[in-house]
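# Structural description and commentary
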Amino acid sequence: MAYVIGHGTAALFKGADPVLSLPAWLPITLFVAGLIPALVLGVRAGIRSQQGAGGSRKHAEQLLGIAWCTAFTALFLAITGLTRAFDQPGLQDMLWAAGSVLVVGLMNIAEGTARRNNLHYTLGSWLALVAATSLFTTDILGVYTVLAIAAGGGYAVATVLEHRRLAALSTAATLRTGKDPANERQPDQLHLR
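Residues numbered from 1 in each chain as written. Predicted model: local features only at pLDDT ≥ 70, side-chain atom pairs only at ≥ 80, totals over all residues. Heavy atoms only, no water.

## A word on the packing of helix H4 (residues 89-115) against helix H5 (residues 118-134)
Rule in force here: Helix axes use the C-alpha atoms of the stretch in contact, all axes being lines fitted to C-alpha atoms, and the angles between their N-to-C directions lie in the range 0 to 180 degrees. Working definition: helices are DSSP H or I runs of at least four residues, strands are E runs of at least two. Numbering for both runs from the N terminus. By definition in this entry, angles of less than 35 degrees are roughly parallel, angles greater than 145 are roughly antiparallel, angles of 65 to 115 are roughly perpendicular, and the rest are oblique. Handedness of a crossing is defined here by the sense of rotation of the near helix relative to the far one, left-handed for an anticlockwise turn of less than a right angle and right-handed for a clockwise turn. Residues are treated as being in contact if the distance between any of their heavy atoms lies within 4.5 Å. By the convention adopted, Pro, Cys, Tyr, Trp, Phe, Met, Ile, Leu, Val and Ala count as nonpolar, Lys, Arg, Asp and Glu as charged, and the other residues, Gly among them, as polar.
Here H4 crosses H5 at 160°, and the two axes come no closer than 7 Å. On the basis of their axis angle, the class for H4 and H5 is roughly antiparallel. In terms of crossing hand, the pair formed by H4 and H5 is left-handed. Every residue of H5 that contacts H4 at Ala98, Val101, Leu102, Val104, Gly105, Leu106, Asn108, Ile109, Glu111, Gly112, Thr113 and Arg115 is listed here: His120, Tyr121, Gly124, Ser125, Leu127, Ala128, Ala131 and Ser134. Counted by class, the contact of H4 with H5 contains ten nonpolar, eight polar and two charged residues.

If you want it as structure tokens, here you go:
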């Protein structure tokens, strides 16, 4: 929803001939308002995946958490450097929109690989490709429109598929053990592939 509402609002607000006249702070505020719950849920999922895991698995999860910080720090430095080198302040807006989706996509690929989650890996691949492709539109309106529709749509599809995947895992575990994993609080059941 953060991509659809935040980037969608930005697409309507930005560009040479904006569709809507909105306060400049509104699109980013809507994006962040959607992003905060996503970050909280992501951190909770990462912590839950470490429960009952061995030392190497916990270490891998911790490295993934650190990699998120490193990736966004590197993105900040790259965007700041490019913006200064080419003296185009408008470039920063495009690069932050596309670059952050690219980083999220690449991190999802890493998490999908580490957790052996094909859906996570596929979503990350989709996001990375959408982010890079959005820059071919050459204007900020196009970038935000592509990200709102394609990246937001990718998350919507992945959400539906994830609910189905988890339901199938729960059913399979119940049939195999005769116990419902939701009642047993077995976090590793969520990561079986």
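## So, the packing of H4 against helix H6 (residues 140-177)
Between H4 and H6, whose axes approach to 9 Å, the crossing angle comes to 25°. When the axes of H4 and H6 are compared, the pair comes out roughly parallel. In the packing of H4 onto H6, the handedness of the crossing is left-handed. From H4, Asp93, Met94, Ala97, Ala98, Val101, Val104 and Asn108 reach across to H6, where they touch Ile140, Val143, Tyr144, Leu147, Ala151 and Tyr155. The residue makeup of the contact of H4 with H6, split by class, is eleven nonpolar, one polar and one charged.

## Description of H5
As a reminder of what qualifies: One fewer than the residue count of a helix, multiplied by 1.5 Å, yields its expected span. Working definition: with a 1.4 Å probe on protein chains only, accessible area under 20% of the residue-type maximum means buried, over 50% means exposed, and in between means partly exposed. Think of it as the arc spanned by the lines of direction from the helix axis to the C-beta atoms.
In this model, H5 (17 residues) spans 24 Å end to end at C-alpha, consistent with the 24 Å of a helix rising 1.5 Å per residue. Looking only at H5, the buried set comprises Leu119, Leu123, Gly124, Leu127, Ala128, Val130, Ala131 and Ser134. Looking straight down H5, one finds that the buried residues subtend no more than 165° of arc, so they occupy a single side. Exposed side of H5, more than 90 degrees from the buried face: Asn118 and Leu129 are the residues found there.

## Remarks on H4
Counted only if it meets this: Throughout, the bend at a residue refers to the angle made by two axes, fitted to the seven residues ending there and to the seven starting there.
Helix length check: H4 (27 residues) gives 39 Å between terminal C-alpha atoms against 39 Å at 1.5 Å per residue, within 8%. Approximately 25° is the largest bend angle found in H4, and it occurs at Leu95. Once H4 ends, the next one or two residues include Arg116, with phi positive near 55°.

## Quick look at unusual backbone geometry
Negative phi is the rule for most residues except glycine; trans is the rule for most peptide bonds. Despite not being glycine, Asp87 has its phi angle at roughly 50°, a positive value. Topologically, Asp87 is positioned in the loop between helix H3 (55-86) and H4. Accessibility expressed as a relative area gives 66% for Asp87, which makes it exposed. The backbone of Arg116 shows a phi angle near 55°, a positive value even though the residue is not glycine. Note that Arg116 resides in the loop between H4 and H5.

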